[in-house]
Amino acid sequence: MSARLKQKKQRASAPEGYRYWAFISYSHADEKIVNWLHASLEQYRLPAGLHNQQGGAITGQLYPIFRDRDELPSSADLSQHLHQALTEAKYLIVVCSPRSAQSLWVNEEVKSFKAMGRASRVLCMIVDGEPNASDKPGLEHLECFPAATRFDVDPDRTLLSNRTEVIAADARKGKDGKRLALLKLIAGLAEANFADLVQRQDQRRFRRLMVLASLMSVLALAFGVITWQAVHAKIEVEKLYRTALSRQLAHFADAPTSGEQNVATNILLGALLANLVEPTIESQSSMLRSILHTENMRSVVQLPSAAAGVTLSPDGKLLATANWDGSVSFISPATLRAAHPARVAHKEKVLAVAFSPDGRIAASGGVDQCVQFWDAATGTPSGEKIHAHNGWVSALIFLSGGGRMVTAGWDGQALLWDVHSKRVSAKLLNLTNPITALALSPNGRYLALAAEAEGIFIINLADKSSSSIRKTGGIVQALSFSPDNRHIAAAGLDRTIDIFDLQTGKPSVPSLTGHQDGITSLAFSPDGKYLASSSWDKTIRLWDMFKQAKNVGILRGHGAQVTGLVFASDNHSLYSSALDHNLIIWDLNADSSLIKKHRDSIAEIRRIALSPNGKLLATAGWDGTVLLYGLPDLTLLPLRIWLAGVNLYTAVFSPDGKTLAIAGSDKKIYLWDTDAHHFRQTPLLGHQGAVVSLGFSPDGKQLASGDWNGAILLWDTQRNQQIPLPAMNLNGQVTSIVFSPDGQHFASAGDDEAIAIWTLATAGRTPSIIRHNITGQNAMITSLSYSHDGKFLASAGEDETVAVWDTDTYQQNGNPIKLDAVVSSVAFDRDDRLLATGTVNGDLQLWDVASRRQFGAPIRAQQARISNLSFSPDGKAILSGAFDGTLLSMSLDQRAWKRRLCLVSNRNLSKEEWTVAVGSYLTYQPVCDV
């Protein structure tokens with residue numbers, strides 16, 4: 001045994017009860033990256049001061065890690081050698097790629113490991129392909145997750161139909177990258193907090209750099225020279241540390257929410273703290289994405305524990321949540337702060353809470369089978385707990401008048417209470433199976449109960465008569481009456497919502513589907529317009545009851561199962577509770593000053609055009625309509641331009657803003673006088689195909705146009721005459737025409753996968769082609785954009801790339817930017833610092849021009865193809881139009897971003913959170929002014 005190996009074994013040992021820290025399962029086609037992974041894991045030394053999630057210190061190395069270097073025999077059974085290794089490994093690491101997804105042996109290894117009851121210890125790392133691509137028709141070959149990772153496995157190694165959410169480190173470029181993916185796996189193996197590991201890893205790196213910087217300082221002092229170099233080196237080291245830490249925090253903010261890692265935590269630790277530590281591309285991008293993800297969110301309130309439900313007092317002045325730590329929280333909607341300290345009154349989880357009609361009394365029930373009354377004015381328990389049921393108290397509700405209350409339990413009983421005496425006065429129902437939901441009609445006449453396997457019972461409280469409704473599917477967990485008392489909505493484990501007519505007992509609309517897991521709560525808005533549903537899938541869905549219960553929105557932000565919903569009387573404020581320790585306040589009418597979306601067009605928006613002064617925006621619609629908006633507020637102006645029977649493709653303002661050129665399927669170019677509000681003269685005629693692209697020269701004297709047949713025409717806008725151009729044989733449409741900022745050239749591109757550069761007409765010479773067939777992209781070019789200094793030309797293509805060309809040599813400047821979808825539009829910002837791209841999927845992406853690094857991950861800005869996008873002339877906003885008829889304006893003011901995100905997070909980082917995230921190197925300071 002070598003001395004080096006002896007040293008390694010002395011420093012490291014296998015986890016208690018196991019021979020190996022992990023077993024690596026992989027396809028041998030991925031052996032190169034597995035070699036790196038295996039060596040990196042075994043050689044990594046855990047940073048000092050790291051603790052696992054149980055608080056124990058973790059030291060040393062994660063050695064040994066098992067990997068199989070030989071192909072398995074052609075048998076469906078794992079060899080005894082490998083099965084023994086799986087048994088002796090604490091964790092299973094699955095290297096995920098399309099090769100491993102198709103590997104029989106990888107699937108067998110995963111099934112064997114899960115069958116031992118260790119499904120929670122399967123760690124995945126994506127190296128190629130796409131996660132869950134098998135759910136997308138036509139992309140199945142890209143699936144990277146083996147089937148055994150995506151589904152549950154029984155003790156007999158049989159693959160079940162239950163889906164498993166796969167949380168994976170992503171080593172692909174543009175995702176986590178190899179370094180962060182490795183650290184995520186290490187955090188999983190060590191059972192340590194990922195953010196803590198990253199922070200301590202960076203601290204270790206920083207200390208090493210500081211030693212170097214200190215050594216330089218000592219040498220400088222000793223020799224009396226290069227002192228300024230040492231100081232400069234120290235500053236650079238600190239800058240490097242802050243930059244690395246900022247990037248790590250921003251990455252944390254972009255991670256999927258889970259458990260207590262909710263949207264507020266992501267905003268505070270990632271977006272805001274990262275930008276405070278050091279403004280970087282990643283931190284600024286994280287802020288922008290957080291703005292988009294919280295556009296319907298007003299604020300977040302932190303609760304003492306997971307919450308099973310939420311209710312609102314009748315006067316709307318008090319919220320109450322049923323907490324799993326046995327307490328009830330009373331919160332003021334006005335201040336978004338606790339109205340009273342949360343008090344524990346139950347020995348176990350609270351499952352339900354309700355207010356009396358006058359709002360003076362609250363009652364709670366839970367797992368301890370007890371009912372507790374509360375003084376809502378003080379938030380204190382009123383009397384002792386009352387043992388009421390022989391099973392969990394699953395629901396309770398006050399009846400009209402406030403003198404009576406109904407509780408329901410897993411013992412199958414529905415009990416009627418006298419509130420004043422706090423005693424049970426009657427037994428309404430005594431069923432065999434648990435009662436899982438209660439609801440009272442708004443007029444107070446009907447009480448609805450759902451019982452497992454027994455259907456829904458509707459009780460007339462006046463005469464105690466009852467009827468039943470049968471909902472097919474699983475257990476009903478949620479009931480809600482419509483405000484008009486005519487319908488009742490029911491939902492549960494079958495993931496569907498049924499809305500029944502109370503008179504007929506039959507569904508009034510087809511079942512509502514969309515949730516990916518069991519539904520936990522239902523709530524109608526007081527005006528009856530919306531039905532909101534919450535689910536274990538961590539989402540809330542909105543259904544428009546005025547549009548045949550159409551799904552009109554999905555609210556995301558909770559990090560765990562959403563458990564309760566209640567609307568405020570204003571019809572657009574919605575409160576949700578969840579198991580992530582948070583109460584979120586949503587505003588369904590949110591019109592953020594930072595993000596504005598309009599859908600005033602019923603047709604596809606094929607082009608947006610901005611006036612040079614930034615005060616006017618025009619949209620060219622597929623239905624022949626041009627809509628005009630005032631900027632920066634995106635105010636729809638009463639003036640509309642309509643060309644009957646024309647499908648519009650393009651529009652562009654002249655540099656002085658006095659003319660709007662419009663063109664489309666009728667092969668004509670219309671010139672609209674923006675001051676006089678009429679067309680200037682007869683349209684420009686000459687094209688033999690639909691006109692699909694337009695561009696004005698910087699002085700406005702010339703207009704270039706391209707059509708569906710590949711023809712390019714140049715026009716003298718003062719004489720309204722064509723300027724002869726050299727003949728070109730282009731195949732297919734001319735998708736884009738742009739002029740250089742100096743007005744000396746224009747560029748064109750389209751179906752022929754090439755760019756042509758043209759000179760303009762000047763005194764003594766005619767236009768000519770100076771460069772043709774500039775190629776480098778392998779599909780149609782969809783969009784062109786010159787940088788404002790004229791040094792670069794960007795081209796976007798259907799090959800999912802953006803190329804940047806040097807305008808001196810017309811050679812590509814660096815490697816193309818690779819995206820994950822067809823790029824439909826590209827634009828430089830005012831300072832040529834950022835490059836924006838829009839895709840056919842509705843994704844908006846920002847890129848740093850100098851480094852070509854992503855300004856974060858793609859932003860799903862719209863739900864259809866982005867026709868084109870543009871930065872506002874002052875650089876303070878980015879605007880885009882899409883084929884779904886929507887128009888988007890997004891502020892780029894980072895100070896406004898911070899104010900908005902602080903309002904949503906509704907708190908500051910604690911000093912403990914700061915220390916875990918940043919360490920003691922940086923002095924604590926508030927992230928928000930709240």
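What comes next is a walk through the structure. As the structure is a prediction and not an experimental result, all values here were calculated from the model.

What the protein contains, in helices and strands, is 13 helices and 63 strands. Each of the three principal axes of the protein carries a C-alpha extent, and together these read 105 × 80 × 65 Å. Across the 930 residues in the protein, those meeting the buried criterion constitute 57%. Long-range contacts, defined as pairs at least 24 residues apart, comprise 49% of the intrachain contacts of the protein with a sequence gap of at least 6. Accessible surface computed for the protein: about 40,100 Å², of which carbon and sulfur atoms make up 49%. With 91 positive and 89 negative side-chain charges, the protein shows a spacing of 4 Å between the two charge centroids.

Glancing now at the side chain of D587. Mapped onto the secondary structure, D587 falls in strand β35 (residues 582–587). There is a polar contact of 3.0 Å between the side chain of D587 and the backbone nitrogen of N589.

The element strand β13 (residues 350–355) is largely enclosed, with a buried count of five among its six residues. In the sheet, β13 pairs with strand β14 (residues 361–366) via five bridges, with the strands oriented antiparallel. Among the inter-strand pairings, A354 is bridged to a residue of β14, identified as A363. Linking β13 back to β14 in an antiparallel pair, the connection comprises five residues, with G359 at a positive phi of about 75 degrees.

Over its 13 residues, helix α2 (residues 31–43) extends 18 Å from the first C-alpha to the last, a length consistent with the 18 Å expected when each residue adds 1.5 Å. Within α2, the full set of buried residues consists of I33, V34, L37, H38, S40, L41 and E42.

Now for the state of the cysteines. What the rule picks out here adds up to one disulfide. Through a disulfide, C902 is tied to C928; the S-S separation comes to 2.0 Å. For the disulfide bridge between C902 and C928, the dihedral angle about the S-S bond is near -85 degrees, and by the sign convention the bridge is left-handed. Taken as a pair, C902 in helix α12 (residues 894–905) and C928 in the segment after α13 (911–918) lie far apart in primary sequence, 26 residues in all. Accessibility classification places C902 together with C928 in one group, the buried group. Free cysteine C124: the closest other cysteine sulfur is in C96, separated by 4.0 Å.

Bringing the nonpolar core into the picture now. By size, the foremost hydrophobic cluster in this structure holds 61 residues, and its most contacted members are L272, L273 and L574. The greatest single-element share of this core, amounting to eight residues, is contributed by helix α10 (residues 263–277). The residues contacting L273, other than those within four sequence positions of it, are L249, I267, L268, L909, W914, A917, V918 and V927. With 35 residues, the next largest nonpolar core counts W21, I33, Y44 and L182 among its residues.

Time to look at the pattern of salt bridges. A complete count under the given rule lists 21 salt bridges for this structure. With its nearest N and O atoms 3.4 Å apart, the salt bridge here joins E800 to K818. Of the two residues, E800 sits in the loop between β54 (792–797) and β55 (801–806) while K818 sits in strand β56 (residues 817–818), which places them 18 residues apart along the sequence. Its relative accessible area of 25% is what places E800 among the partly exposed residues.

Turning to its location among the elements, S521 is positioned in strand β29 (residues 519–524). A relative accessible area of 9% means that S521 is categorised as buried. Only 3.2 Å separates the side chain of S521 from the backbone nitrogen of L565, close enough to count as a polar contact. Leaving out residues up to four positions away in the same chain, S521 has contacts with A478, A532, S533, S534, T563, G564 and L565.

Attention now moves to the packing of helix α11 (residues 281–293) against α12. Their axes nearest at 10 Å, the elements α11 and α12 cross at an angle of 55 degrees. When the axes of α11 and α12 are compared, the pair comes out oblique. The element α11 and its partner α12 pack so that their crossing is left-handed. When α11 is examined against α12, the residues Q284, M287, L288, S290 and I291 are found in contact with a partner set consisting of Q894, W897, K898, R900 and L901. Per-class residue counts for the contact of α11 with α12 are five nonpolar, three polar and two charged.

Bringing the packing of α2 against helix α7 (residues 177–190) into the picture now. Put simply, α2 and α7 touch, their axes get as near as 11 Å, and they point 50 degrees apart. Taken together, α2 and α7 sit at an angle that is classed as oblique. α7 is crossed by α2, and the crossing has right-handed handedness. For the pair α2 and α7, contact is made by W36, L37, S40 and L41 and by K178, L182, L185, I186 and L189, respectively. Residue classes in the contact of α2 with α7 are distributed as seven nonpolar, one polar and one charged.

Buried residues of helix α3 (residues 80–87): L82, A85 and L86, and no others. Summarising the axial view, the buried residues of α3 lie within an arc of 100 degrees, below the 170-degree limit, and thus occupy one face. Tucked into the core, α3 has its buried residues touching β1 (20–25), β2 (65–67), β3 (89–96) and α5 (104–115).

With that settled, the discussion passes to the pairing of strand β33 (residues 562–567). Of all six residues making up β33, six are buried, and the element is well covered by its neighbours. Connecting β33 to the antiparallel partner strand β34 (residues 573–578) that follows it, the hairpin turn spans five residues, and N571 within it adopts a positive phi of roughly 75 degrees.

With antiparallel pairing, four strands are arranged side by side in an open sheet as β9-β10-β11-β12. A strand with exactly one partner marks an edge of an open sheet, and here the two such strands are β9 (307–312) and β12 (337–344). Geometrically, the sheet is characterised by an average inter-axis angle of 15 degrees between neighbouring strands, direction not taken into account. In the sheet, strand β11 (residues 327–332) pairs with β12 via five bridges, with the strands oriented antiparallel. Pairing of S332 across the sheet is with R337, part of β12.

Take the packing of aromatic side chains next. According to the stated counting rule, one finds 13 aromatic pairs in the structure shown. A centroid spacing of 5.9 Å and a plane angle of 65 degrees characterise the contact between F330 and W374, whose relative ring orientation is edge-to-face. Placement of the pair is F330 in strand β11 and W374 in strand β15 (residues 370–375), with a sequence separation of 44 residues. Ring centres of W672 and F679 lie 5.0 Å apart, and the angle between their planes is 85 degrees; this geometry places the pair in the edge-to-face category. By way of ring pairs, the aromatic residues Y20, F23 and F66 are connected into one cluster. In this structure, K349 packs its charged tip against the face of W324, placed 3.8 Å from the ring centre.

Cut-offs and rules
- The numbering scheme is per chain: residues are counted from 1 as the chain's sequence reads.
- The predicted nature of this model means local features are confined to residues of pLDDT at least 70 and side-chain atom pairs, given and counted, to a pLDDT of 80 or more, with totals for whole chains, interfaces and linings taken over all residues.
- By convention in this description, side-chain values take in all heavy atoms of the structure and omit both hydrogens and water.
- Numbered from the N terminus, helices here are DSSP runs of H or I no shorter than four residues, and strands are runs of E no shorter than two.
- Relative accessibility under 20% of the residue-type maximum defines a buried residue, over 50% an exposed one, and the middle range a partly exposed one, all with a 1.4 Å probe and only protein chains included.
- Two residues qualify as a contact provided that any one of their heavy atoms is within 4.5 Å of a heavy atom in the partner residue.
- Per-residue accessibility takes into account occlusion by the displayed protein chains alone, with areas from the Shrake-Rupley method and a 1.4 Å probe.
- Asp and Glu count as negative and Lys and Arg as positive, but His and the ends of the chain are not part of the count.
- The atom standing in for a charge is NZ when the residue is Lys, CZ when it is Arg, CG when it is Asp and CD when it is Glu.
- Here a polar contact is taken to be a pair of N or O atoms separated by no more than 3.5 Å, where protein atoms must pair a possible hydrogen donor with a possible acceptor and residues adjacent in sequence count only if both atoms sit in side chains.
- Any two strands with at least two DSSP-identified bridges between them are counted as paired.
- Here the expected span of a helix is defined as 1.5 Å times the quantity of residues minus one.
- Count a disulfide wherever a pair of cysteine sulfur atoms falls within 2.5 Å.
- Put simply, a nonpolar core is a bunch of buried Ala, Val, Leu, Ile, Met, Phe, Trp, Tyr and Cys residues held in one set by side-chain atoms that sit within 4.5 Å of each other.
- The term salt bridge refers to a pairing of a side-chain nitrogen on Lys or Arg with a carboxyl oxygen on Asp or Glu at a separation within 4 Å.
- Axes here refer to lines fitted to C-alpha atoms; in helices the fit is confined to the stretch in contact. Angles between the N-to-C directions go from 0 to 180 degrees.
- Orientation categories follow fixed angle ranges, with anything under 35 degrees roughly parallel, anything over 145 roughly antiparallel, 65 to 115 roughly perpendicular, and all other angles oblique.
- Left-handed describes a crossing whose near helix is turned anticlockwise from the far helix through less than a right angle; right-handed describes the clockwise counterpart.
- Residues are grouped as follows: Ala, Val, Leu, Ile, Met, Phe, Trp, Tyr, Cys and Pro are nonpolar; Asp, Glu, Lys and Arg are charged; all remaining types, including Gly, are polar.
- What the arc describes is the spread of directions from the helix axis to the C-beta atoms.
- Each Phe, Tyr or Trp ring, with Trp reduced to its six-membered ring, pairs with another whose centre is within 6.5 Å; inter-plane angles below 30 degrees give stacked pairs, above 60 give edge-to-face pairs, and intermediate values give tilted ones.
- Here, over-ring charges are defined by two tests on the NZ atom of lysine or the CZ atom of arginine: distance to the ring centre within 6 Å, and angle to the ring normal within 35 degrees.

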